[in-house]
Amino acid sequence: MTYTKRFDGRKFDEMREIEAKVGVIPRADGSAYFAFGDTKAIAAVYGPRPLHPVFLQNPEKGIIRVYYDMLSFSVNERKKPGPARRSMEISYVTKKALEPIINLSAFPNTVTDVFINVIQANASTRCAGINAASMALAQAGIPMTDLVGAVSVGFVGGAIATDVIKEEEDYEEDGEKMVSDIAMAFLLRSQKLSLLQLDGKIDSENLKKAIEAAKKACAKIYEVQKKALKETK
Amino acid sequence: MEKDKQTMEESTENSKIIVEEKKRELVVPGEIVSSGSAFLPGENTQKEGDEIIATRFGLLDKEGRLVKVIPLSGIYLPRMGNIVIGKVEDITFNGWLMNINSPYKAFLPISECQGFIRKGEDLSTIFAIGDMVIAQVIAVKAKGVDLTTRDRGLHKIDNGLTMTINSSKVPRVIGKQGSMVSMIKQETGCNIVVGQNGVVWIRGDEIEKELLAKEAINLITEKSFTDGLTDKVQAFLESKRK
């Protein structure tokens, strides 16, 4: 283990300060704000509403569409707005992470739109986005069987670090990248994985450790999400 | 200055009252509301193993052996027999397409329209685009609902004002056996029709009275699910009347 002290002085199993708020966008059917320290995301849910074009409609159940984007001022160098390879991929995996919890069988031929915008980014934006979207869906009154919580766990220089920041994502030793960043999402009550993305290298033993660390962190996120939802009127 | 102080004191007093009020428990989706076989799952809950979980965000309500969740939000799903207030969006050769604040299209055919319509008559003389119409749901199909205006009290709205509230708050606005809405009617002297889709039509002889009724309905939607709401709204209306 070469990475012994974290850049921002946190413990290895400690997350950044979490902030969650529900109902931040008055005109949306449901909305939420979620922040891991400097990583801040807002999510808005519209629907269920009519879906066009008609060939996308599913007569068995309603579908969801997820749109994820980082706002142009969210990073140090201006991000060109609009869909790109990265944001389309994250939209897709976010949709896959949220699909197991929602039950739209009462709303056939409709669509529920989820818009996630990152207003400030410092790593694990997709996790903040998923957390916000899960709360926004609940507030919109969508039938759901669970809530989703997501957190990124890094394997940085041989150590498992919960909730990585940008500096840790770019951690190098002798000019070689020594980090694996694992984004994970859990169904919070049933403790099932709904998203697991990994870039970098990791052995199976450490991956198991990382999953356990994420589970522990998600339990805290669940409490925060519940509290935020229950504080709305 | 003194006046400001006084209002400050008043507002803190009000907040105290709100804290003291008994509130039903809020539950989030996936939360376990009951375990074992003491309760049966009702609306917006489902059984998972030995436990009953909530499937929607709302207030927990235990009645007898039944446990259910009263939703606080969500869109309107039309049911047969519902009285709704819709807005004409399009006119086709055989009827009107209406927006009833639901994901499904609502169609009002000529055959379900009151009065005689001559062959080739311009349909916009009956209901034009943008008109608000009180109608009843007579059929719910896969791709939409059918409406009718062939009953008493179903007609075009040509005066007064309409407002939109969340459809899940409609039972609060109506109250038990219409107690809330009839109280507002009595206090303000306005005629009020509450559509199940959350559109409310208020008509009184003065605009001030209509706006007062609107304010009272907004108060109900904000403070729904607190005990003694009818008395509170009555007190509010009485204080405004003076």
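This text follows the structure it describes.
Residues numbered from 1 in each chain as written. Chains lettered and ligands numbered in written order. Predicted model: local features only at pLDDT ≥ 70, side-chain atom pairs only at ≥ 80, totals over all residues. Heavy atoms only, no water.

(A) Layout of the packing of helix α3 (residues 179-188) of chain B against helix α5 (residues 229-241) of chain B. Residue and element names in this part refer to chain B. Relative orientation of the contacting elements α3 and α5 amounts to 10°, with a least axis distance of 10 Å. Of the possible angle classes, the one that applies to α3 and α5 is roughly parallel. Contacts between α3 and α5 involve M180, M183, I184, E187 and T188 on the former and, on the latter, L229, T230, V233, Q234, L237, E238 and R241. Each residue belonging to the contact of α3 with α5 can be placed in one class, and the counts come to 6 nonpolar, 3 polar and 3 charged. (Axes fitted to C-alpha atoms, helices over the stretch in contact; angles between N-to-C directions. Helix = DSSP H or I, 4+ residues; strand = E, 2+ residues; numbered from the N terminus. Parallel < 35°, antiparallel > 145°, perpendicular 65-115°, else oblique. Contact = heavy atoms within 4.5 Å. Nonpolar A, V, L, I, M, F, W, Y, C, P; charged D, E, K, R; others polar.)

(B) Quick look at the state of the cysteines. Residues and elements named next belong to chain A. All chains considered together, the criterion is met by 0 disulfides over all chains. Of the cysteine sulfurs around C218, a residue in no disulfide, the closest is that of C127, at 8.2 Å. The buried category is assigned to C218, whose relative accessible area is 2%. (Disulfide = S-S within 2.5 Å. Buried < 20%, exposed > 50% of the residue type's maximum accessible area, 1.4 Å probe, protein only.)

(C) Region of the structure containing the packing of aromatic side chains. For the coordinates displayed, the defined rule picks out 8 aromatic pairs over all chains. Relative to F127(B), the ring of W96(B) lies with its centre 5.0 Å away and its plane at 65°, an arrangement referred to as edge-to-face. Within this pair, whereas W96(B) is found in strand β9 (residues 95-99), its partner F127(B) is found in the loop between β10 (105-109) and β11 (132-141), the two being separated by 31 residues in sequence. F127(B) carries the same exposure label as W96(B), and that label is buried. Of the aromatic side chains, those joined through ring pairs into one cluster are Y3(A), F7(A), F12(A) and Y171(A). Positioned above the aromatic ring of Y33(A), the side-chain terminus of K21(A) is 5.7 Å from the ring centre. Positioned above the aromatic ring of Y222(A) is the side chain of K226(A), whose terminal nitrogen or guanidinium carbon lies 4.5 Å from the ring centre. (Phe/Tyr/Trp six-rings, centres within 6.5 Å; stacked < 30°, edge-to-face > 60°. Lys NZ or Arg CZ within 6 Å of the ring centre and 35° of its normal.)

(D) Main features of the sheet that holds strand β4 (residues 45-48) of chain B. Residues and elements named next belong to chain B. Spatially, β2-β5-β4 is the arrangement adopted by the 3 strands of the open sheet, whose pairing is antiparallel. Two strands lie at the open edges of the sheet, namely β2 (32-35) and β4, each paired on one side alone. Across this sheet, the average inter-strand angle for adjacent strands is 25°, counted without regard to direction. With 3 bridges joining them, β2 and strand β5 (residues 51-54) adopt antiparallel strand pairing. Counterpart to S35 in the pairing with β5 is E51. (Pairing = 2+ DSSP bridges.)

(E) Layout of the layout of surface pockets. Residue and element names in this part refer to chain B. Its volume calculated, the second largest pocket comes out at about 840 Å³. Along the wall of the second largest pocket there are 31 residues; nearest its centre are E43, N44, R56, P71 and S168. Breaking the lining of the second largest pocket down by element, the ones donating at least two residues are β6 (58-63), β7 (66-71) and α2 (170-174). Grouping the amino acids of the lining of the second largest pocket by side-chain chemistry returns 14 nonpolar, 9 polar and 8 charged. Looking at which domains feed residues into the lining of the second largest pocket, each of domain 1 (2-71) and domain 3 (161-241) supplies at least three. (1 Å grid on protein atoms, 1.4 Å probe; cavity = no way out; pocket = protein on both sides within 12 Å on 5 of 7 lines; lining within 4 Å. Points joined across faces, edges and corners; volume = space filled by probe spheres on them. Domains from an automatic or database assignment.)

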